[in-house]
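Spelled out, the chains give:
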Amino acid sequence: MLLVIDVGNTNIVLGIFKDQELVDHWRVSTDRLRTTDEYGVLIRHLFYLNGVNSEEIDAIIISSVVPPVMPTSNGCASAILA
């Protein structure tokens, strides 16, 4: 499955695609002060609540207009794929 993350100034939109189909999506607030661990817990909890197995994610795409959040986003993505 593919996890796509769109980091905007106000919201971060996440979506899970299986083949060409969007199977789940979420919107969370963008917070430049939130840590990689905090975003990781939030995303993994969203996965859990919606029955998404993070082990099935084999690729992640991140787009961002908020450069200060990129290290956090990249760290979170690396943790999900680990």
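What you are looking at is a predicted structure, and each value in this text was computed from that prediction instead of being measured.

Chemist: Sorry, what's going on with the pairing of strand β2 (residues 11-18) here?
Modeler: The side chains of a regular strand alternate between the sheet's two faces. Sheet topology places strand β1 (residues 2-7) next to β2; six bridges connect them, and they run antiparallel. Note that in β2 the partner of V4 across the bridge is G15. What sits between the antiparallel neighbours β1 and β2 is a turn of three residues. Here β2 runs beside strand β3 (residues 21-29); their pairing, made up of eight bridges, is antiparallel. Of the residues in β3, the one forming a bridge with N11 is S29. In textbook terms, the turn of a hairpin is the stretch between consecutive antiparallel strands, and for β2 and β3 this stretch comprises two residues, one of which, D19, has a positive phi near 60°.

Chemist: Can you walk me through helix α1 (residues 36-49) in this structure?
Modeler: Structural remark: α-helix, 3.6 residues per turn; residues separated by three or four positions point the same way. With 14 residues, α1 extends 20 Å from end C-alpha to end C-alpha; this agrees with the ideal 20 Å at 1.5 Å per step. Here α1 has its buried residues at Y39, G40, I43, L46 and F47. The arc that holds every buried residue of α1, seen down its axis, measures 130°, which confines them to one face. Facing away from the buried side of α1 by over 90 degrees, the exposed positions are D37, V41, Y48 and L49. Lining the buried residues of α1 we find β1, β2, β3 and α2 (70-81). Remark: G51 follows α1 within two positions and exhibits a positive phi of approximately 70°.

Chemist: Even after reading the chapter, I still don't get the sheet that holds β1, so can you show me in this structure?
Modeler: Whenever strands of a sheet pair, they do so through backbone hydrogen bonds, lying parallel or antiparallel. Strand order in the open sheet made by the four strands is β3-β2-β1-β4, with mixed pairing throughout. The strands lining the two open edges of the sheet, one partner per strand, are β3 and β4 (59-64). Averaged over all adjacent pairs, the angle separating strand axes in this sheet is 15°, with direction ignored. Relative to β4, β1 runs parallel, the two being bridged by six bridges. Residue pairing for β4: V7 is matched across the bridge by S64. The strands that α1 touches are β1, β2 and β3; relative to β3, the one it contacts most, it runs at about 140°. Contacts from α2 reach β1 and β4 within the one sheet, and its direction differs from that of β4 by about 170°.

So, how was this worked out
Residues numbered from 1 in each chain as written. Predicted model: local features only at pLDDT ≥ 70, side-chain atom pairs only at ≥ 80, totals over all residues. Heavy atoms only, no water. Pairing = 2+ DSSP bridges. Helix = DSSP H or I, 4+ residues; strand = E, 2+ residues; numbered from the N terminus. Expected span 1.5 Å × (residues − 1). Buried < 20%, exposed > 50% of the residue type's maximum accessible area, 1.4 Å probe, protein only. Arc of directions from axis to C-beta. Contact = heavy atoms within 4.5 Å. Axes fitted to C-alpha atoms, helices over the stretch in contact; angles between N-to-C directions.

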